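# Breakdown of the fold
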Amino acid sequence: MNNGKRSWMLYATLLIVFWGVWGAFSSQPNSRYGYPNEMIYIIWAFTMLIPAYFSLRRTRFDRRPIAAVWGLLAGLTGAGGQLLLFEALSEGPAYLIFPVISLSPVITVLMATVLLRERIARLAVGGVVAALAAIVLLSIPGGGSDSESTGPWLLLAILICIAWGAQAFCMRKAALVGANDGTTFGWMTISGLLLVPVAFVMMGGLPADAPWQAPALTAGTQVLNAVGALFLVMALSRGKASVVAPLTNALAPVLTIALSLVVYTTVPNIWGTIGIVLALVGSTLMVISDGRSGEDSVAPGADAGGATTPREATSERT
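Residues numbered from 1 in each chain as written. Predicted model: local features only at pLDDT ≥ 70, side-chain atom pairs only at ≥ 80, totals over all residues. Heavy atoms only, no water.

### Observations concerning the nonpolar core
- Residues Trp8, Tyr41, Ile42, Met171, Phe185, Met188 and Leu236 are the most contacted members of the largest nonpolar core, which totals 65 residues.
- Of the residues forming this core, the biggest block, 11 residues, is contributed by helix α12 (residues 213-236).
- Not counting chain neighbours up to four residues away, the residues in contact with methionine 188 comprise Met48, Gly71, Ala74, Gly75, Gln167, Met171 and Val233.
- Ala88, Ile97, Ile101 and Ile160 belong to the second largest nonpolar core, which has eight residues in total. (Core = buried A, V, L, I, M, F, W, Y, C linked by side-chain atoms within 4.5 Å. Buried < 20%, exposed > 50% of the residue type's maximum accessible area, 1.4 Å probe, protein only. Helix = DSSP H or I, 4+ residues; strand = E, 2+ residues; numbered from the N terminus. Contact = heavy atoms within 4.5 Å.)

### So, the environment of glutamate 87
- The residue glutamate 87 is located in helix α5 (residues 65-91) in this model.
- By relative accessible area, glutamate 87 is classed as partly exposed at 32%.
- Along the backbone, glutamate 87 and alanine 157 are 70 residues apart, and their C-alpha atoms lie at a distance of 9.7 Å.
- When residues no more than four places from it in sequence are discounted, the contact partners of glutamate 87 are Leu156 and Met202.

### Section: unusual backbone geometry
- With phi around 55°, arginine 117 is a residue other than glycine that occupies positive phi space.
- Of note, arginine 117 is situated in the loop between α7 (104-115) and α8 (122-138).

### Things to note about the packing of aromatic side chains
- Scanning the entire structure with this criterion turns up eight aromatic pairs.
- Relative to phenylalanine 231, the ring of phenylalanine 18 lies with its centre 5.3 Å away and its plane at 65°, an arrangement referred to as edge-to-face. Taken together, the residues phenylalanine 18 in helix α1 (residues 2-25) and phenylalanine 231 in helix α12 connect sequence positions 213 residues apart.
- For phenylalanine 231, a relative accessible area of 13% corresponds to the buried category.
- Both rings, one in tyrosine 41 and one in tryptophan 44, keep their centres 5.2 Å apart while their planes meet at 50°; by these two values the pair is tilted. In this pair, tyrosine 41 and tryptophan 44 are both assigned in helix α3 (residues 37-47), three residues apart and thus about one turn of the helix distant. Grouping residues by exposure puts tyrosine 41 and tryptophan 44 together as buried.
- Members of the aromatic cluster, joined through ring pairs, are Tyr11, Phe18 and Phe231. (Phe/Tyr/Trp six-rings, centres within 6.5 Å; stacked < 30°, edge-to-face > 60°.)

Written out as C-alpha cells, the structure reads:
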C-alpha cells in the first residue's frame, strides 16, 4: 500500500521538527549557565525513558538475541559517538569538527547500498547528493579562522562520523530482522544509560554551583532530542536508510537556522543560504522519486500503526 510505503515521510517530518527545535535551543544550558556537556548527556540518557515507555506500552518487547544485538549496536554507536564528541570539543574547534561529523549520512548510504543492497532511483541519487552537500555547507561557520586544522580531535571527529553513520544502518537492520520500533528504541535507551557512569568519570563529579534553571532547561530540550530519536527509528523502519539519513540530516539544520533567525536574529551566511536551498531541492527530489517508485521499503519490524508487532498486525487483519 502507498500509505504504508510513504509513512516514513510522516516520521521523518516529525523528526525534522523535533530535532530542528532541539538544535535551536540545545546549546543554551551550556552557553547561558556553563552547564557541563557530560551532565547534558546524563540528563539526555534519562529523558530517553519517556519515549521508550510510550513506544513499549502497547508493543511486545522482542527478546530475541538478534533484536538485542542490533538494538544495542544502534544505541552504543549513538551514545558512544556523543561521549566522543565531548572529548573532541575539548581539544579542537567546533566549526571544524561538526563539518566532519555531518558527513555521517555518507557512511549510512554506503553501508545501506553495499550491505543491504538498497537500490536508489536516479532522481533520488541527485537528492542524496544535494542533501549531503547541504549538510556540509550548513556546517560552515560565518567567520573566523583557526590555524589548528589537524590534531587529536580530527581522529575523534572521524570516529564519531563513522559511529553515527553506522547507527542509522543498525536501526534499519534491526527493523529488517523483524525487531519492532519499541524494542529497538528500548535497547537504545538501555545503551545510553549504560554509558552514564562513563560520563560521570569524564565530568569528574556533579556540578556544585549549577542553578536549577540549567538542569530544567536541559531536560526540556533533551526530551525533544529523545523523542526525535524515536521518530528516526520509526522512519528508518519504513523507509530506505540511504534516503532517510541524508534527508533528515539536511532538513533539521534548516529548521534550526530558521528558528535561530527568529529567536536570536541570526542571519545565515552565504554558505548556509546555499545549503538551505540545496537541502530543499534534495528533499523534493527524494520525495518525488519515492512517489514514482513502486518498491515497498517498509521493513518487517515497522509496527502496524506504530502500536503492534508485525505478527499481531497480521492476526488482526485475518
